[in-house]
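Chain residues, written in single-letter form:
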Amino acid sequence: MEHMEHSCRTDAGARCDVCGLVSLVPHLKGATQVVAQCAAMQAVLKRAARFAANDAPIAILGETGTGKEVVARILHANSARARRPFVAVNVAALPAELLESELFGHGKGAFTGAAAARPGLFEAANGGTLFLDEIGEMPLPLQAKILRSLQDGEVRRVGENRSFAVDVRVLCATHRDLAGRVRDGQFREDLYYRLKVLTLEVPPLRERRDDILPLAGRFLGQERTPARAFSSAACKRLLAYPWPGNVRELQNVVKHGAALAIAEEVRDEDLPDEVTRTKPASRGPLTTLAEAEREHILRVLDACGGSQVDAARVLAIGRNTLWRKLRSMGTTPATGGRP
Ligand SMILES: Nc1ncnc2c1ncn2[C@@H]1O[C@H](COP(=O)(O)OP(=O)(O)OP(=O)(O)O)[C@@H](O)[C@H]1O
Ligand SMILES: [Mg+2]
């Protein structure tokens with residue numbers, strides 16, 4: 001398959017003349033050369049290029065595994081803060097009390113076990129960027145504290161009275177519908193409006209078909225395997241699969257294929273079952289629209305591990321609509337697993 005060259009892919013470390021960004025993003029372990037062959041992803045990077053120099057907070061939205069952290073790292077690497085720290089915190093991974101002292105630090109004796117004062121991650125990120133991943137899960141009381149830091153550029157350690165100034169650019173990401181969380185009373189409206197000024201939406205992989213094979217090729221190159229490429233049957237499978245877990249799922253599928261490959265090519269039988277169960281577009285018997293719809297719905301539901309929430313998202317229809325369709329097909333929600 002032919003791809004439009006985008007220099008994001010070719011000139012490691014150089015500035016890309018399509019999106020204007022340095023697209024080699026440093027990690028502690030090596031660096032990621034960002035793949036952006038499709039127009040949708042190039043549009044995201046062009047928008048990111050306009051935001052990078054700004055110090056305002058940015059909300060990065062997108063389904064799980066789409067590359068939100070990669071985009072956050074690009075923003076940092078292309079800002080005047082690039083030589084200062086990039087500190088990432090997964091908000092969902094810590095209980096509320098711990099999260100507060102992680103982010104803001106604590107004074108000596110602030111709580112049992114706080115034998116010495118300790119700076120928080122805001123201070124660790126001073127001069128650089130703080131990336132709050134899964135911000136949608138942040139407990140309400142902490143949201144108030146974050147808002148205050150964003151507005152005043154100050155932090156106060158837990159158990160201390162004085163605040164001090166920090167110079168931190170805050171980026172945050174979520175796979176949640178933040179507006180919905182606001183409606184449900186789980187996310188502060190004032191913080192939502194503050195974060196929503198600049199947003200970047202990373203599209204799901206199923207809307208970036210042109211990125212699938214270049215990404216797969218890049219991931220394969222990172223594996224120890226005799227395989228250097230994918231067979232054409234394997235490519236068809238990769239292109240036909242709806243990727244509910246997005247780029248991260250693709251990365252894992254490539255690992256699977258690389259581990260089973262015995263020669264120069266990863267064959268379709270080296271790919272995991274959920275990918276090969278997806279029928280590549282075939283010239284089967286002609287069917288009615290209703291039959292085609294039924295088959296397609298079941299195929300997507302299967303690829304999503306039975307999750308109607310994920311399947312509805314892939315199908316771009318509402319959950320209730322999907323439920324009604326399943327019911328009219330005689331396939332009521334017992335179709336396995338999650339709602
Ligand atoms: N455009 C890309 N080019 C190269 N690698 C990518 C790209 N997008 C994502 N990846 C890789 O895919 C994996 C998932 O990306 P990342 O962690 O940024 O996703 P995420 O949206 O933050 O996921 P989650 O919602 O689960 O936190 C990472 O290993 C990342 O390096
Ligand atoms: Mg992430």
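Attention here is on the structure that accompanies the text.

### A look at the site of ligand 1
Not every one of the 17 residues close to ligand 1 is listed here, only the nearest: Val 35, Gly 65, Lys 68, Arg 248 and Gln 251. Thr 66 places a main-chain nitrogen or oxygen 3.3 Å from an oxygen atom of ligand 1. In this structure, an oxygen atom belonging to ligand 1 sits 3.0 Å away from a main-chain N or O atom of Gly 67. For ligand 1, whose unbound accessible area comes to 630 Å², protein coverage reaches 88%. Contributing elements (two or more residues each) for the shell around ligand 1: β2 (31-33), α3 (68-77), α9 (209-221) and α11 (246-260). Partitioning the shell around ligand 1 into residue classes produces six nonpolar, seven polar and four charged.

### Some thoughts on helix α6 (residues 140-152)
Relative to the 18 Å expected for 13 residues at 1.5 Å per residue, α6 spans 19 Å between its end C-alpha atoms, a close match to the ideal helical length. Regarding α6, the residues found buried are Leu 142, Gln 143, Lys 145, Ile 146, Leu 147, Ser 149 and Leu 150. Buried residues along α6 sit in contact with α4 (96-104), α5 (121-124), β7 (129-133), β8 (154-155), β10 (169-174) and α8 (189-195). Just downstream of α6, Gly 153 is the residue with a positive phi angle, here 65°.

### Quick look at unusual backbone geometry
For Glu 134, which is not glycine, the phi dihedral falls at a positive 60°. Secondary-structure assignment places Glu 134 in the loop between β7 and α6. Although it is not a glycine, Asn 246 sits at a positive phi angle of roughly 55°. Within the secondary structure, Asn 246 is located in helix α11.

### Brief notes about the packing of aromatic side chains
By the definition in use, this model includes four aromatic pairs. For the ring pair Tyr 192 and Tyr 193, a centre distance of 5.2 Å and an interplane angle of 65° mean the geometry is edge-to-face. The class of Tyr 192 is buried, set by a relative accessible area of 15%. Looking at Lys 145, its charged tip hangs above the ring of Phe 104, at a distance of 4.4 Å from the centre.

### Description of the side chain of Asn 78
Looking at the secondary structure, you find Asn 78 in the loop between α3 and β4 (86-90). Leaving out residues up to four positions away in the same chain, Asn 78 has contacts with Arg 15, Leu 21, Val 22 and Ala 52.

### Here we look at the packing of α9 against α11
At a minimum axis distance of 9 Å, the contact between α9 and α11 shows a crossing angle of 50°. When the axis of α9 is compared with that of α11, the two are oblique. Considering only the axes of α9 and α11, their crossing is right-handed. Touching Ile 212, Leu 215, Ala 216, Phe 219 and Leu 220 of α9 are Val 247, Leu 250, Gln 251, Val 254 and Ala 258, all from α11. Grouping the amino acids of the contact of α9 with α11 by side-chain chemistry returns nine nonpolar, one polar and no charged.

Rules used in this analysis
Residues numbered from 1 in each chain as written. Chains lettered and ligands numbered in written order. Predicted model: local features only at pLDDT ≥ 70, side-chain atom pairs only at ≥ 80, totals over all residues. Heavy atoms only, no water. Near = heavy atom within 4 Å. Polar contact = N/O pair within 3.5 Å; in protein donor to acceptor, adjacent residues only side chain to side chain. Areas by Shrake-Rupley, 256 points an atom, 1.4 Å probe, with all protein chains shown as cover. Helix = DSSP H or I, 4+ residues; strand = E, 2+ residues; numbered from the N terminus. Nonpolar A, V, L, I, M, F, W, Y, C, P; charged D, E, K, R; others polar. Expected span 1.5 Å × (residues − 1). Buried < 20%, exposed > 50% of the residue type's maximum accessible area, 1.4 Å probe, protein only. Contact = heavy atoms within 4.5 Å. Phe/Tyr/Trp six-rings, centres within 6.5 Å; stacked < 30°, edge-to-face > 60°. Lys NZ or Arg CZ within 6 Å of the ring centre and 35° of its normal. Axes fitted to C-alpha atoms, helices over the stretch in contact; angles between N-to-C directions. Parallel < 35°, antiparallel > 145°, perpendicular 65-115°, else oblique. Left-handed = near helix turned anticlockwise from the far one by under 90°.

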